[in-house]
Amino acid sequence: MSTEKYHITSSVVLRNKVAIQNGSTCFERKDGDELAFIKELYKELKCEYPKFYKMDNLCKLAFVASELLLKDRTLHYEKDEIALVLSNAGSSLDTDKTYYHSVADKSNYFPSPAVFVYTLPNIMIGEICIRHQFLGENAFFITEKFDGDLLTEYSANLLSSGKAKCVITGWIEINGNNWEAAMFLVEASGNESLKELSGANLDKIYSHK
Amino acid sequence: MINSAYIIGENIVSPLGFTAEENFNNVSLNKSGLKTIHDTSFIPLPFSGARIEDDILEHSFQQLNVKDKFTRLEKMMLLSVNDAVHLSGIDVKGNDTLFVFSSTKGNIELLNSKFKDEFDLLRIQLWRTAQVVTDHFGNRNKPVVISNACISGVVAIIYAAELIQQGKFKNAVVCGMDALTEFVVSGFQSFLAISSKPCKPFDKNRTGISLGEACATIVLSSEKNKNENPSIEIIGGTTSNDANHISGPSRTGEGLVKAIEHVFSKHKISAEEIDFISAHGTATPYNDEMEAIAFSRTNLECAPVNSFKGYYGHTLGAAGVLETVLTSMSMKNNLLVKSLGYSESGVSKPVNVISGNIRKEINTSLKVASGFGGCNAAMILRKNEH
């Protein structure tokens, strides 16, 4: 599916401890694990948002991806015109396992509300909305793999129906040591030099090796 | 928009029955599925919850004559989809039919090591659960899964209705499901959000939620069911975020107000047209207060409102679909159903909570939902005479 009117005005891919912004590497680390990489990128971006440290790993990853995506960008829209449409394969399974461990072991039974609250994938959307006071449409999809066509179709529909004027869409997944974030800013734009919104274009940016 | 989206088949699998009709009959009789559960495999203390009896589920499932192995939740799904599809008369294998699922935790039970020899751990992933069920029915389109906390079911219906309105599919099978598990019961208990007695939405003495389990299915189509008059149409819906707190609703109701205002303005509907509101009504002190403020701010103080949570408890990702089926049944039967557990208002704004069943023509209804992550949804249903 392709639409003529909408463009991918900014993109971010985080994978294998490399951050790619609009097609170019902007930050990378050779040493340390994925979490250390995300924390260093957080510091590099000078976010100054102490709540970051309370988030689970999936939200940390989503948060840093959104900070990099929106860095140096002023969105000239009403807060309720900005939509968030995210996706992944594993939902919140990374934190689900941590939480379940705290109840499965009856000799050490300690269910924690601070962990339980992160056992929903759309909490990522909530955290980003709180950070920027975004009040618009929300949707979280579970797909086996990154699905550029689904995200394109849903985003284009939000824009063409007038439900949103700007969509932040993407994929945030943690599967063991494989951490992956791809986030896109999608807007109606007259700038023809920008990549148009299409499943193929989202797939291409996502697959950047 | 080139087509309309009509509900042409519906089902509920719950402690109150295995068909939409059986469920609605029980709800009309003000019977609740909530019971005190003494089972330490959920939490150490007794709690009020709604659970389908295993032997009843097994007995019904046997009648499907299915050979493959399915989880308890998937058995609920197969029963629910099978019945809804049968009532609708659609060709479920058709290329013009799409499956859409909504759930928060799906097969989360499989984290328990007792299942490790029975099912591949991949089965815990919602896309996989959806694929297994879609494959069972022989549909070849890739199913879509929405997991957006407690608004999941409403988001799934809005999404499916829009695809039909745009002519991208003729039919959609929307299935919402969540099971009562140790995972969710212990989690809500850790928040101290669970009431020890059956929940009392909007009531002065409400102390928290009751949890439940259900699978509900709606078949939407651009073609009305010829055997049914009137038909219920999904007009459309919107979502919003509070941008306030990840586990508590906004104190001002701002997010829900936005969702309601947007759906009203988009579909040119005024508050006076709303004959019935199916509220989220979880019976936590904050949720019900937030909803009352939002209804007041959108001039809906006089509209009759109920919460179905007193009948089923909170069924999370199933709730939006479950409560839409009950709203549709209420509209077809012109029956406003009592909001179970309510006797005296416990919210700061006037709300017209239905305190006993009322026979009344219901033409237009509003379904709302709110959830963790600060999300809200509002959706309009309308009766359509042939």
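1. Overview of the overall build of chain A
Across its full length, chain A holds 7 helices and 8 strands. A globule of 209 residues ought to have a C-alpha radius of gyration of about 17 Å, and chain A, at 17 Å, matches this closely. If you line up chain A on its principal axes, its C-alpha atoms span 60 × 35 × 30 Å. The 209 residues of chain A split such that 50% are buried. In chain A, once contacts between residues fewer than 6 apart in sequence are set aside, the share between residues at least 24 apart is 69%.

2. A word on the packing of helix α2 (residues 57-70) of chain A against helix α5 (residues 123-132) of chain A
Residues and elements named next belong to chain A. It is at 9 Å that the axes of α2 and α5 come closest, and there the two elements cross at 45 degrees. As judged from the angle between their axes, α2 and α5 are oblique. Taken as a pair, α2 and α5 cross one another with a handedness that is right-handed. Residues Leu-58, Cys-59, Ala-62, Phe-63 and Ser-66 of α2 form the contact with α5, whose participating residues are Ile-123, Met-124, Glu-127 and Ile-128.

3. A word on the interface of chain B and chain A
At the interface, 36 residues of chain B touch 39 residues of chain A. Counting only elements with at least two residues in the side of chain B that touches chain A, the list comes to α4 (126-136), β5 (144-146), α5 (152-165), α6 (182-190), β9 (231-241) and α7 (254-266) of chain B. With 6 residues, α6 of chain B is the largest single contributor of residues to the side of chain B that touches chain A. Of the residues assigned to the side of chain B that touches chain A, the class counts are 16 nonpolar, 17 polar and 3 charged. Where strand β5 (residues 138-142) of chain A and β5 of chain B come together, 2 bridges link them in antiparallel fashion. In the sheet register, Phe-141 of chain A faces β5 of chain B, and the bridge partner there is Ile-146 of chain B.

4. Some remarks on the packing of helix α1 (residues 20-28) of chain B against helix α10 (residues 319-333) of chain B
Residue and element names in this part refer to chain B. Running from N to C, α1 and α10 point in directions that differ by 75 degrees, and their axes come no closer than 10 Å. Here α10 runs roughly perpendicular to α1, going by the angle between their axes. Facing α1, whose interface residues are Ala-20, Phe-24 and Val-27, α10 presents Val-325, Leu-326 and Met-329. Class assignment for the residues of the contact of α1 with α10 results in 6 nonpolar, no polar and no charged.

5. What to know about the nonpolar core
Counting 202 residues, the largest nonpolar core has Leu-61 and Ala-65 of chain A together with Ile-157, Ala-160, Val-174 and Leu-220 of chain B as its most contacted members. Ranked by the residues each element gives to this core, the list is headed by α5 of chain B, at 10 residues. Ignoring any residue separated from it by four or fewer positions in sequence, one finds Ala-65 of chain A in contact with Val-12, Leu-14, Ile-172, Ala-181 and Met-183 of chain A.

6. Looking at the pairing of strand β2 (residues 18-21) of chain A
Residue and element names in this part refer to chain A. Relative to strand β3 (residues 24-28), β2 runs antiparallel, the two being bridged by 4 bridges. For Ile-20, the partnering residue across the bridge sits in β3 and is Thr-25. Hairpin remark: β2 followed by β3, antiparallel, with 2 residues in the connecting loop; positive phi at Asn-22, about 45 degrees.

7. Thoughts on the sheet that holds strand β7 (residues 211-212) of chain B
The strands that make up a sheet are held in pairs by hydrogen bonds between backbone atoms, and each pair lies either parallel or antiparallel. Residue and element names in this part refer to chain B. Judged by pairing direction, the sheet is mixed, and its 3 strands sit side by side in the order β2-β3-β7 without closing on themselves. Both edges of this open sheet fall to β2 (35-37) and β7, since each of them pairs with a single strand only. Relative to β7, strand β3 (residues 47-50) runs parallel, the two being bridged by 2 bridges. Bridge pairing in β7 links Gly-49 to Leu-211.

Thresholds, definitions, all that
- Residues numbered from 1 in each chain as written.
- Chains lettered and ligands numbered in written order.
- Predicted model: local features only at pLDDT ≥ 70, side-chain atom pairs only at ≥ 80, totals over all residues.
- Helix = DSSP H or I, 4+ residues; strand = E, 2+ residues; numbered from the N terminus.
- Rg over C-alpha atoms; globule rule 2.2 N^0.38 Å.
- Buried ≥ 20, exposed ≤ 12 C-beta atoms within 10 Å, placed from the backbone.
- Contact = placed C-beta atoms within 7 Å.
- Axes fitted to C-alpha atoms, helices over the stretch in contact; angles between N-to-C directions.
- Parallel < 35°, antiparallel > 145°, perpendicular 65-115°, else oblique.
- Left-handed = near helix turned anticlockwise from the far one by under 90°.
- Nonpolar A, V, L, I, M, F, W, Y, C, P; charged D, E, K, R; others polar.
- Pairing = 2+ DSSP bridges.
- Core = buried A, V, L, I, M, F, W, Y, C linked by C-beta atoms within 7 Å.

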